[in-house]
Structure formats: C-alpha cells, structure tokens
Amino acid sequence: PGLRVKVSLDPDFAARVRLRGDATVFVIARPPDGPPMPVAVERHALQELPLDLVLDDGDSPMPTAKLSALQEVEVIARISASGSAKRGEGDIESVPVRVRLPATDAVELVLGRSTP
C-alpha cells in the first residue's frame, strides 16, 4: 500500500528558466482543506527529476499522522531554491491534485506548468 507519484518538469518551463542545480524537490501529501502539515513527504535533488516514487506511512514526519489513516489527500510537488520544506519566495509548485485513497493509479505532477 502507498500512493504512487510521478513528478516531472514541464519542458517549456525548463527551457525558459534557469534553475539552481542545488535546488530541492519536495513531494508532499497532506489532508485536503486541513492543516498544511504533511502526512507524507519525500525530499529529492532537482537532478533526480523525473521521479517515480511511492509515498507511504514510512514517509510521515510525525508518527501520529499517517497517510493510511486518511480517505483523501492533496498531493503537490515543490522546487525549493533554499532547500527548506517550508514554502518560500521563488518556490515553484505543481498544481495540487486531490486523490481518494486507496488509489490504484499514479498521481502525475508537473512542475512549472501554468494552471489552466
């Protein structure tokens, strides 16, 4: 069990913008319409994109908040120039995706794509 997430960088965005090589990518699952504290988070280097990963209870920053305890989550990816998990100025986020759990299909997140 877990939530499969694929994260990529929009090619047009990547061609236009110069990203810092030491930037960090965070993949976050959190309760929708709830506190911003994630129930699962993974940290990766920008160079690792595209990512194909599985978020599960082992990725929880707090043992009392488990992904498996929720029926629905909001999943986002964020490029942080500072390397901090907290949202900062200049960070690039994917469009959030709401997912009912358990999910059988992978969640696809694209960084740098304009919202429709």
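As a reminder, the structure under discussion sits directly above these lines.
Everything quoted here is computed from the prediction, not taken from an experiment.

**Student:** Could you clarify how one ought to interpret the overall build of the chain in this entry?
**Tutor:** The helix and strand inventory of the chain stands at 1 helix and 8 strands. Relative to the 2.2 N^0.38 estimate, which gives 13 Å for 116 residues, the radius of gyration of the chain is 14 Å and therefore close to what a compact globule would have. If one aligns the C-alpha atoms of the chain with their principal axes, the spans along those axes are about 40 × 25 × 25 Å. A total of 116 residues make up the chain; the buried ones form 41% of that total. Long-range pairs, those at least 24 residues apart, make up 61% of the contacts in the chain between residues at least 6 apart in sequence. With the model as given, the accessible surface of the chain reaches about 6900 Å², and the carbon-plus-sulfur share is 52%. Averaged over its 14 positive side-chain charges, the chain has a centre that lies 3 Å from the centre of its 17 negative ones.

**Student:** Before we go on, may I ask you to explain the side chain of threonine 24 in this structure?
**Tutor:** Inspection of the secondary structure assignment puts threonine 24 in strand β2 (residues 24–30). With near-sequence residues (within four places) excluded, threonine 24 lies in contact with Arg43, His44, Arg78, Ile79, Ser80 and Gly83.

**Student:** I would appreciate a short explanation of the pattern of salt bridges in the present structure.
**Tutor:** Close approach of charged atoms allows side chains with opposite charge to pair. Here the structure, examined in full by the defined rule, presents 6 salt bridges. Its salt-bridge partner being aspartate 52, residue arginine 4 comes within 2.6 Å of it at the nearest N-O pair. Here aspartate 52 lies in strand β4 (residues 51–55) and arginine 4 lies in strand β1 (residues 3–9), a separation of 48 residues in the sequence. Among the charged side chains, a salt-bridge network with shared partners connects Arg78, Arg87 and Glu93.

Definitions and cut-offs
Residues numbered from 1 in each chain as written. Predicted model: local features only at pLDDT ≥ 70, side-chain atom pairs only at ≥ 80, totals over all residues. Heavy atoms only, no water. Helix = DSSP H or I, 4+ residues; strand = E, 2+ residues; numbered from the N terminus. Rg over C-alpha atoms; globule rule 2.2 N^0.38 Å. Buried < 20%, exposed > 50% of the residue type's maximum accessible area, 1.4 Å probe, protein only. Contact = heavy atoms within 4.5 Å. Areas by Shrake-Rupley, 256 points an atom, 1.4 Å probe, with all protein chains shown as cover. Lys, Arg positive; Asp, Glu negative; His and termini not counted. Charge placed at Lys NZ, Arg CZ, Asp CG, Glu CD. Salt bridge = Lys/Arg side-chain N within 4 Å of Asp/Glu carboxyl O.

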